[in-house]
Amino acid sequence: MRHVKSAPLESDPMETDPCLCAFFEARAAMERGEVPVGAVIVRDGKIISRAGNQTLQAKDPTAHAEILAIQQACRARRPKDSPAAISM
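Predicted model, so just to flag it, every value in this text is computed and none were measured.

Reading the values: rules and limits
Residues numbered from 1 in each chain as written. Predicted model: local features only at pLDDT ≥ 70, side-chain atom pairs only at ≥ 80, totals over all residues. Heavy atoms only, no water. Helix = DSSP H or I, 4+ residues; strand = E, 2+ residues; numbered from the N terminus. Buried < 20%, exposed > 50% of the residue type's maximum accessible area, 1.4 Å probe, protein only. Pairing = 2+ DSSP bridges.

Peer 1: Describe unusual backbone geometry, listing the residues and the values that go with them.
Peer 2: Residue Asp44 is not a glycine yet carries a positive backbone phi of 55 degrees. On the secondary structure map, Asp44 appears in the loop between β1 (38-43) and β2 (46-52). By relative accessible area, which is 68% here, Asp44 ends up exposed. Positive phi outside glycine occurs at Lys59, with the angle close to 50 degrees. Relative to the helices and strands, Lys59 resides in the loop between β2 and α3 (65-76). The class of Lys59 is exposed, set by a relative accessible area of 74%.

This is the structure in structure tokens:
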């Protein structure tokens with residue numbers, strides 16, 4: 001019997017595919033009763049933040065997915081980065 005080396009496991013698409021990640025964030029928002037919108041911010045090919053709408057849950061009309069994702073990305077950015085480094 002010949003031994004065949006198995007292929008390496010693929011990484012989680014939720015962590016590597018921005019469109020799929022945004023879709024799942026939107027779906028989670030819908031399941032919470034929110035408008036189904038998801039947002040993902042990518043830097044250097046890696047997802048650095050993601051969010052779904054939370055306007056109803058947070059009782060905050062500004063808690064849109066895009067705003068929340070930008071806020072998370074700004075909190076996670078390295079100190080040497082300028083605020084202009086994060087854009088939509």
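Right, picking up where we left off after that structure.
Peer 1: I'd like a rundown of the pairing of β2, residues and numbers included.
Peer 2: Pairing between β1 and β2: six bridges, direction antiparallel. Bridge pairing in β2 places Arg43 opposite Lys46. What sits between β1 and β2 in their antiparallel hairpin is a turn of two residues, with Asp44 showing a positive phi close to 55 degrees.

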